[in-house]
Amino acid sequence: MKKKVWLGALLSLFVAVFLIACGSKSTNTASSSTPASSSKEEAVSGASEKVYTDPSELKDGYDVVIIGSGGAGMAAALAAHDAGASVAILEKMPVIGGNTSKSSGGMNASETKFQKEQGIDDSNDLFYEETLKGGKGANNPDLLRYMVDHSSEAIDWLDSMGITLNNVTFSGGFSKARIHRPADGSAVGGYLVNGLYNNLMERKVPIFVNATVTEIIEKDGAAAGVKVTIDKKEKSIAAKSVVVTSGGFGANMATVTKYKPELKSYVTTNHEGATGDGIEMAQKLGADVVDMEQIQIHPTVYQEKAFLVSEAIRGEGAILVNAQGNRFYNEMETRDKVSAAINGLPEQYAYVVFDQQLREHSKSIDTYEQKGMVIKADSVEELAKALNVSEENLKKTIEAWNTSVEAKNDTAFGRTTGMDRNISKAPYYAIKVAPGIHHTMGGLKINTNTEVLNKEGQAIPGLYAAGEVTGGIHGKNRIGGNAVADIIVFGRQAGEQSAQFVKK
């Protein structure tokens, strides 16, 4: 981890201790009445104790009010603050982070300095073309182009704040190593949330939790503030612009099944606050929506805890086997295709299989072990017994895979990426998985300035949106790693544009 991150974390800890000791009610950094480690928010795995602004310090107005504190919201807050605006973040949950905290993969970006340092020859055009192909050609071309062309710059922006994503590997559907992760291979979500939080604390940007926004105030056809319930009181907050970064609706099964009834029995990887409130509030101001029926299921979800197993694990060399101990599909295909392959099995589940080499390389597996998701064995035969699959089949499967890795040629299923590491070092591991609801790709219609559009295609003055609350960017299938690119690129843009609007 870079020195900046360490110093930022130390500074945040010092501020927290100082404020608690002094009982300060500073506008920006007073402690929240709700502990950050509240059990209500299981979404934030491994999040450190954080200090939030006391509800009594909520002002009557700000230049920019941001609804939601996931990656998009925090990126927007930083960008708006640095552009000279007074900013406040309102988060309905007891802790910050949203679905970003649950992200375990990384951030896709092309033509980055880290790719170049590692000899990875990539281009923005290829990133665009492969994402468009993965989205079945349904992606909004302008939004996609903007995300791709600003992805490298976003990596640099994060790095300038001590949030360094220099571990580059493969994501399903891509021909190049493009997904950027923390240096130690740990889950990107917690690292990103903590890094953004530290930077917000350095800038003294107020973060209010347990603050439920119930309405976006409209005045003369423009967004002019919000109504928020906080500390059991409803308050109207004036704002010159409002940024909606409240996430998707993947935890709202009524809305999910309204658009896709066939997902009724699926588990969801979404945190409990992902209910689509921001979409509904913006619609009351005339906002248009797009692609609401495009709800992505992720192929590798541990069902008992509805916890996602990152495809970066497959990108590092893991394979999928069925209940007979055999591989059955190209593990690095796009999520929709791998999900369909698992659902097409008689048992409708599979196992992610890997060895100690990969275990040592991917720190994110720590979380899976802590949650009791991982099956471990000293030999392939013992792993087969533990999984109740054919020992002969599993042994042959792994031997065949190792041969394919050595030859760089997967004759069985045509896999071409994530083949740098075989499965040969004990102990051996497996995680039982099946598809689960993961990402809502539809939402508010925006333009490249992140302005929310009405049904006539016109921008609603003062209203901006970024992240999973928006639609159009991912088309009919999101490539793993593009959600983090989405929230950082467009979150930053929303902050800059909303601050510029204030100055008009």
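For clarity, every value in this text was computed on a predicted model and none was experimentally measured.

### A word on the pairing of strand β11 (residues 295–302)
Moving on, step 1. Extensive coverage of β11 is indicated by the burial of eight of its eight residues.
Moving on, step 2. Here β11 pairs with strand β16 (residues 428–440) via five bridges, running antiparallel. Among the inter-strand pairings, Ile295 is bridged to a residue of β16, identified as Thr440.
Moving on, step 3. One ladder, built from two bridges, connects β11 with strand β12 (residues 307–308); its direction is antiparallel. Its bridge partner lying in β12, Tyr302 is registered against Phe307.
Moving on, step 4. Between β11 and the antiparallel strand that follows it, β12, lie four residues; Ala306 among them carries a positive phi value of about 50 degrees.

### Some remarks on the side chain of Asn482
Moving on, step 1. Tracing the backbone shows Asn482 in helix α16 (residues 482–502).
Moving on, step 2. Overall, Asn482 belongs to the buried group, its relative accessible area being 1%.
Moving on, step 3. Of the polar contacts made by the side chain of Asn482, one reaches the side chain of Asn108; its length is 2.8 Å.
Moving on, step 4. The residues touching Asn482, leaving out its near neighbours within four places in the chain, are Asn108, Phe127, Thr131, Met147, Phe174 and His474.

### Let's talk about the pairing of strand β9 (residues 233–244)
Moving on, step 1. By the bridge criterion, six bridges tie strand β1 (residues 61–67) to β9 in an arrangement that is parallel. Bridging across to β9, Tyr62 finds its partner in Ala239.
Moving on, step 2. Here strand β8 (residues 222–230) runs beside β9; their pairing, made up of six bridges, is antiparallel. Counted as the bridge partner of Thr229 is Glu234 from β9.
Moving on, step 3. In sequence, β8 turns back onto β9 through a hairpin of two residues, with Asp231 there showing a positive phi of about 55 degrees.
Moving on, step 4. As defined by bridge partners, β9 adjoins strand β19 (residues 459–465) across three bridges and the pair is classed as parallel. Bridge pairing in β19 places Val242 opposite Leu463.

### As for the pattern of salt bridges
Moving on, step 1. Going through the model one piece at a time under the given rule, you end up with 29 salt bridges.
Moving on, step 2. With its nearest N and O atoms 2.7 Å apart, the salt bridge here joins Asp159 to Lys113. In this pair, Asp159 sits in helix α6 (residues 151–160) while Lys113 sits in helix α3 (residues 113–117), placing the two residues 46 residues apart along the sequence.
Moving on, step 3. Classification of Asp159 as buried rests on a relative accessible area of 8%.
Moving on, step 4. Among the residues examined, Lys113 registers a relative accessible area of 33% and is labelled partly exposed.
Moving on, step 5. Arg181 is the salt-bridge partner of Glu316, the closest N and O atoms lying 2.6 Å from each other. Of this pair, Glu316 sits in the loop between α10 (311–315) and β13 (319–321) while Arg181 sits in strand β5 (residues 179–181), placing them 135 residues apart in sequence. Each of the two residues, Glu316 as well as Arg181, counts as buried.
Moving on, step 6. Connected through salt bridges with shared partners, the residues Arg327, Glu331, Asp410 and Arg415 form a single ionic network.

### Looking at the environment of Pro141
Moving on, step 1. Here Pro141 shows up in helix α5 (residues 141–149).
Moving on, step 2. Of the residues examined, Pro141 reaches a relative accessible area of 42% and is grouped as partly exposed.
Moving on, step 3. In the structure, Pro141 is positioned 241 residues away from Glu382 in sequence and 50 Å away in space, judged by C-alpha atoms.

### Notes on the domain arrangement of the protein chain
You'll often see interface size given as the accessible area lost when the parts meet.
Moving on, step 1. You can read the domains of the protein chain as domain 1 (61–294 + 441–502) and domain 2 (297–436).
Moving on, step 2. If you average the C-alpha positions of domain 1 and of domain 2, the two centres end up 30 Å apart.
Moving on, step 3. On the side of domain 2, 25 residues touch domain 1, which itself brings 28 residues to the contact.
Moving on, step 4. Interface of domain 1 and domain 2: buried area, both sides summed, is about 2100 Å²; carbon and sulfur atoms make up 53% of it.
Moving on, step 5. Residues Asp336 and Lys136 are paired through a salt bridge, measuring 2.6 Å at the closest nitrogen-oxygen approach.
Moving on, step 6. Here domain 1 is connected to domain 2 by nine residue pairs in polar contact (both at pLDDT 80 or more).
Moving on, step 7. For the side of domain 1 that touches domain 2, the per-class residue count stands at seven nonpolar, 16 polar and five charged.

### Description of helix α2 (residues 71–82)
Moving on, step 1. Over its 12 residues, α2 runs 16 Å from end to end, which matches the ideal 16 Å to within 8%, given 1.5 Å per residue.
Moving on, step 2. In terms of burial, α2 is a largely internal element, 10 of the 12 residues being buried.
Moving on, step 3. On its buried face, α2 sits against β1, β2 (87–90), α6, α7 (188–202), β9 and α16.
Moving on, step 4. Phi for Gly84, located one or two positions after α2, is positive at around 100 degrees.

### Re the packing of aromatic side chains
Moving on, step 1. If you walk through the whole model with that rule in mind, you get seven aromatic pairs.
Moving on, step 2. Relative to Tyr259, the ring of Phe249 lies with its centre 6.2 Å away and its plane at 45 degrees, an arrangement referred to as tilted. Taken as a pair, Phe249 in the loop between β9 and α8 (253–259) and Tyr259 in helix α8 lie far apart in primary sequence, 10 residues in all.
Moving on, step 3. The exposure class assigned to Phe249 is buried, which follows from its relative accessible area of 1%.

### Regarding the side chain of Ser404
Moving on, step 1. Along the chain, Ser404 falls in helix α15 (residues 391–407).
Moving on, step 2. Excluding its chain neighbours within four sequence positions, the residues that come into contact with Ser404 are Asn409, Asp410, Thr411 and Met419.

The rules we used
Residues numbered from 1 in each chain as written. Predicted model: local features only at pLDDT ≥ 70, side-chain atom pairs only at ≥ 80, totals over all residues. Heavy atoms only, no water. Buried < 20%, exposed > 50% of the residue type's maximum accessible area, 1.4 Å probe, protein only. Helix = DSSP H or I, 4+ residues; strand = E, 2+ residues; numbered from the N terminus. Pairing = 2+ DSSP bridges. Polar contact = N/O pair within 3.5 Å; in protein donor to acceptor, adjacent residues only side chain to side chain. Contact = heavy atoms within 4.5 Å. Salt bridge = Lys/Arg side-chain N within 4 Å of Asp/Glu carboxyl O. Domains from an automatic or database assignment. Buried area = accessible area lost by both parts, 1.4 Å probe. Nonpolar A, V, L, I, M, F, W, Y, C, P; charged D, E, K, R; others polar. Expected span 1.5 Å × (residues − 1). Phe/Tyr/Trp six-rings, centres within 6.5 Å; stacked < 30°, edge-to-face > 60°.

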